[in-house]
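# Close look at the chain arrangement
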Amino acid sequence: MSFIEIRDLIKIYHPKESNLRVPALRGVELNIEQGEFISIIGPSGSGKTTLLLLLAGMTEPSAGYLRVGDFRLDQYTETDRSIYRRFSVGTLWQIPNRNLIWEISALENVEIPLRLLGIPREQRRKEAKEMLAEVGMDHRMNHKPKQLSGGEVQRVGLACALAHKPLLLLADEPTGELDSKTAGELLRYFKHLNDTRGITAIMVTHDFDVAKATDRLIQIVDGRISGYSPTADLKTISDIHQVYLDRYGGLQLPRHILEKLEVQQKIAISEEDGRIILSQNGDSVSNKKMKKD
Ligand SMILES: Nc1ncnc2c1ncn2[C@@H]1O[C@H](COP(=O)(O)OP(=O)(O)O)[C@@H](O)[C@H]1O
Ligand SMILES: [Mg+2]
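A brief look at the structure comes next. For clarity, every value in this text was computed on a predicted model and none was experimentally measured. Residue indices begin from 1 for each chain and proceed along its sequence in written order. Throughout, the order in which chains and ligands are written sets their labels, letters from A for the former and numbers from 1 for the latter. Only residues with pLDDT of at least 70 get local features here, since the model is predicted, and only at 80 or more are side-chain atom pairs given and counted; chain-wide, interface and lining totals rely on the full set of residues.

## Concerning unusual backbone geometry
Peptide bonds are mostly trans, and most non-glycine residues show a negative phi. In plain terms, the rule: A run of H or I in DSSP becomes a helix once it reaches four residues, and a run of E becomes a strand once it reaches two; helices and strands are each numbered from the N terminus.
Within the chain, Lys 165 stands out as a residue other than glycine whose phi angle is a positive 55 degrees. Phi at Asp 222 is positive, roughly 50 degrees, even though this residue is not glycine. Considering the arrangement of structural elements, one finds Asp 222 in the loop between β9 (216–221) and β10 (224–230).

## Some details on the site of ligand 1
Here is the rule: In this entry, near means the residue's backbone-placed C-beta atom lies within 6 Å of the molecule or strand. Residue polarity is assigned by list, with Asp, Glu, Lys and Arg as charged and Ala, Val, Leu, Ile, Met, Phe, Trp, Tyr, Cys and Pro as nonpolar; anything else, Gly included, falls into the polar class.
Around ligand 1, a shell composed of Tyr 13, Pro 15, Val 22, Ala 24, Gly 42, Ser 44, Gly 45, Ser 46, Gly 47, Lys 48, Thr 49 and Thr 50 is seen. Only β2 (22–32) and α1 (48–55) provide two or more residues apiece to the shell around ligand 1. No other element matches α1, which puts 3 residues into the shell around ligand 1. Partitioned by chemical class, the residues of the shell around ligand 1 number 4 nonpolar, 7 polar and 1 charged.

## Let's talk about the packing of helix α4 (residues 106–116) against helix α6 (residues 150–162)
Under the convention used in this document: Angular values range over 0 to 180 degrees, each being the angle between N-to-C directions of two axes fitted as lines to C-alpha atoms, with helices fitted over their stretch in contact. The labels follow the angle: roughly parallel below 35 degrees, roughly antiparallel above 145, roughly perpendicular from 65 to 115, and oblique for the rest. Left-handed describes a crossing whose near helix is turned anticlockwise from the far helix through less than a right angle; right-handed describes the clockwise counterpart. C-beta atoms are placed from the backbone for every residue, and two residues are taken to be in contact when these atoms lie within 7 Å.
For the pair α4 and α6, interaxial distance at closest approach is 7 Å and the crossing angle is 25 degrees. Taken together, the axis directions place α4 and α6 in an arrangement best described as roughly parallel. For the element pair α4 and α6, the recorded crossing hand is right-handed. Contacts between α4 and α6 involve Ala 106, Asn 109, Val 110, Ile 112 and Pro 113 from the former and Val 156, Ala 159 and Cys 160 from the latter.

Distances and angles like these do not, on their own, reveal function.
Listed below in structure tokens is the structure:
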């Protein structure tokens, strides 16, 4: 059984100020194994943050099945979800002041998730120091975030996200505000913690170079999973050749292929020697065969 299982997940936002219904996820299907380090990549507005918020128990699905470990998030009340958030997930956001409190030291920040679990002062101080050492920030533990560089702030944020030893680490564009060298450094700490702690880590990004630092990449377009691939096989995003076939036989063709071939809405499909063949402009395989006969 996979660690995370998502079936037909739908999220529709109902902004209060209008009668609009905004579909953000339109039937996401996905399995994630324990200990995987994966990236979710897609253009702006494709539903990446929404998927992360659902996995974090920070919003509820409109429909569908969503399980993380033994937690059936699709059936949870707000109270259930708040307990899940406190014990089981760590989150890291792009904007540093969503991760840290600016007025207190790095060490005090990392102690907060431990305090919420009721861990006594001495022990939580010890654990917070150990966690800061794991992200190479123990020498600056008494500094406040404003005295640290952008990369250091995100490393302290990572320590906060993992201090309570969650099952799942969720990060939304965590390198978005960093230059590429500093981003690379942060990603190495991600990889290190994924390796040494076996934590399942999911990182959202729109940057292919950032996604390359993870083991597997999942592409989301218009609220649906369109492709996936181990990153070791990829030189560019156009190298994604595996598409996801959902339970209803639906698949989403990669955008780069649709754009390159200017594919029309109607395409012909046929099966030949165990292969599925899609063709366009009415030039279907069966037509060709009939012509030959
Ligand atoms: N709170 C919200 N209320 C209404 N619409 C939203 C809300 N959050 C996101 N959306 C819409 O849902 C879609 C997906 O958004 P999001 O998940 O933030 O995408 P991404 O992170 O890939 O940029 C977009 O069309 C966005 O405008
Ligand atoms: Mg986003």
